[in-house]
Number of protein chains: 2
Amino acid sequence: MKLLKKDLETRQETVYDAIVVGGGMGGLSAAIYLARYGLKCLVIEKGKGRSFWMQDLRNYVGLDPDTPGRDIIQHATTQAIEWGADFLRGFVEEVTDEGETFAVKVKVGKSDETGFTLRSHYVIAASGVIDVLPEVENMQNVFDYAGYTLHVCMICDGFDMWDQKAVLLAKTEGQINAAFVLNWFTPYISVLTHGLNVSDEMKQKLAEYGYPLYEQPIAEFLGHDHKLSGVKLVDGTIVEATTGLVNMGSIYHNQYLKGIEGLEYDGQNLVTNGMCQTSHARIFALGDLKQGLNQVSVAVADGTLAATQIWRNIRRASPPRKWEERRSHLLYNKN
Amino acid sequence: MKLLKKDLETRQETVYDAIVVGGGMGGLSAAIYLARYGLKCLVIEKGKGRSFWMQDLRNYVGLDPDTPGRDIIQHATTQAIEWGADFLRGFVEEVTDEGETFAVKVKVGKSDETGFTLRSHYVIAASGVIDVLPEVENMQNVFDYAGYTLHVCMICDGFDMWDQKAVLLAKTEGQINAAFVLNWFTPYISVLTHGLNVSDEMKQKLAEYGYPLYEQPIAEFLGHDHKLSGVKLVDGTIVEATTGLVNMGSIYHNQYLKGIEGLEYDGQNLVTNGMCQTSHARIFALGDLKQGLNQVSVAVADGTLAATQIWRNIRRASPPRKWEERRSHLLYNKN
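Worth saying up front: this structure is predicted, and the values here are computed from it rather than measured. (Residues numbered from 1 in each chain as written. Chains lettered and ligands numbered in written order. Predicted model: local features only at pLDDT ≥ 70, side-chain atom pairs only at ≥ 80, totals over all residues. Heavy atoms only, no water.)

Residues and elements named next belong to chain B. For helix H8 (residues 200-209), the complete set of buried residues consists of Met202, Leu206 and Tyr209. Down the axis of H8, the buried side of the element spans an arc of 60°, and every buried residue falls inside it. Opposite its buried face, H8 presents the exposed residues Asp200, Glu201, Gln204 and Ala207, each directed more than 90 degrees away. Tucked into the core, H8 has its buried residues touching helix H6 (173-176), helix H7 (179-182), strand E11 (189-192) and strand E12 (213-214). The first or second residue beyond H8 is Gly210, which carries a positive phi of 75°. (Buried < 20%, exposed > 50% of the residue type's maximum accessible area, 1.4 Å probe, protein only. Helix = DSSP H or I, 4+ residues; strand = E, 2+ residues; numbered from the N terminus. Arc of directions from axis to C-beta. Contact = heavy atoms within 4.5 Å.)

Quick look at the structure:
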């Protein structure tokens, strides 16, 4: 059920089989599977994740390519709740390993100073990343284009940039190297560093490729109706472009795991096995938080894998049922 | 485009970047990605695969749980073609490694005695498995229930069998062991071996669990409107059941790969790396053909991974484009 703050009292004694941190594509897939395995699960979603901002999902089997991310999330949230999952709007502050269980501290609502603690045997980290966007004076100007013609994922949207004049927004030299992959889709690339001064070596490389470089900070994005026509820099320069790729890094939503000892990371990505299990046997990680491609289809499969492994673990540790036996545990979701 | 037999002439000189054998969930996901990477791809689909028979898809994020498999396949096929993939109805007989390319021999239509040969740099094996169903005199009687209340996948449909009287159909002793997993969902299990005589050891184990065993062959499934009410055996016995699980093994559609040397298998499943690449660098395998869970979400992610790795390989071997350069190769899909 959808839990409101007032319902949390009723879950004080509950030990969930799994708490899923993050109600994006991966977390909801996990919740749908967990619920259909008859396991007690809770999804905690803070709102406004990466999929929520995505204006269309081009490459996911079964859905129209103009389906907005938030529609799918809403659909899957309803689905997970209907199959028996609990769902809570809240922000997970900290996960503490208590040995047999995890204590998951969550803030519900802006005025929640103290927070609530919920418990589970397993935690699924599905809270993803959010893309760094260029900071300009009027951020609404960025949101007018981001997710429409100003993309954040080349794999998802490179096709839609085909042979167009494109800006590549980077804030480190490493990020500028995306130009030499983006040129698969379009060679008309202007590189904007939003204030970063670039080494002579990189300048020379860009010059060799014929990609103009602009080191001035961005003043504003130009265009109308979410369609980019150019970018205005603070010195008044206008760079023509009908599309763009923001490649300024990601913020990882995994702070709540910082107190867990021995979690193995590869850079900021959690290292997982083939079933999305981290180096902590009772913590799983999905989608953008783990190594590999940041794609919706991958996150959805990850949810399947993590939920299935958790089910296997719990099932194998449970006494088998003979004819006529009922297991009270299993009845939870069926009432 | 959708290729008819008469169009095949126009593809005689084409070397596809990838030929995808099988237009199920995994193959279509691969095709959508390949097309959106601007790669030339062809999907060859023989028709009536596992998803086609699936009457509802319970656990795939974004779709209603009563969506039939064939609807999604049709949707994704249209999508792949719209993004630029070729699609052909045909049966792949043989894949031959020619060094730089593969020769893919396909029969198009029942009257095609000689077959056509198409060529590609990569092959994606996405032709899946089909479940063995019990053979009875009137097979329509089986199809009346299979995919409705007579299930073939416990992970997908165990939830829908919850605490119901269920038949488990097996044809080896190993397959009977599914009873001791199925009892997670329901303990009211009758085991039907459709003629197989079972060892005393297994008989004793089933007796301990209180699961009745019926070794007589099945005469017919009883019920109406796709809703099972029982199973009638050839000796006239009627076993009451409102649901069932067929666990009689799978037929792997991978015969066309038999001539490829050195492909590594685990049982009948192809061994692949994290990007679905087999032990042959230019052959990828997806979904049910490879190791791991036979789930739609997994197959869809597999298509993403295989297509992306193929794109990376091709991209890294291609000269980078400077400003103003066009690459004729890439224009293929844009015309």
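The next point concerns the sheet that holds strand E15 (residues 238-240) of chain A. Residues and elements named next belong to chain A. Pairing within the open sheet is antiparallel, and its 3 strands lie in the order E13-E14-E15. Pairing within the sheet leaves two strands with one partner each, and these edge strands are strand E13 (218-224) and E15. Averaged over all pairs of adjacent strands, the angle between strand axes in this sheet comes to 30°, irrespective of strand direction. Relative to E15, strand E14 (residues 227-233) runs antiparallel, the two being bridged by 3 bridges. Residue pairing across strands places Lys232 opposite Ile238, the latter belonging to E15. (Pairing = 2+ DSSP bridges. Axes fitted to C-alpha atoms, helices over the stretch in contact; angles between N-to-C directions.)

Quick look at the relation of the copies chain B and chain A now. In the superposition of chain B on chain A (RMSD 0.0 Å, axial shift 0.0 Å), the rotation amounts to 180°. The transformation just described matches what one would write down for a two-fold rotation axis. Across chain B, the rotation axis passes nearest the C-alpha of Ala301 of chain B, at a separation of 3.1 Å. (Least-squares fit on C-alpha atoms with pLDDT ≥ 70 in both.)

Residue and element names in this part refer to chain B. Of all 5 residues making up strand E16 (residues 243-247), 4 are buried, and the element is well covered by its neighbours. Relative to E16, strand E9 (residues 150-151) runs parallel, the two being bridged by 2 bridges. Residue Leu150 lies in a different strand from E16, and its bridge partner there is Gly244. Two strands pair when backbone bridges link them, and strand E10 (residues 166-170) and E16 are joined in this way by 5 bridges, in the parallel orientation. Bridge pairing in E16 places Leu169 opposite Val246.

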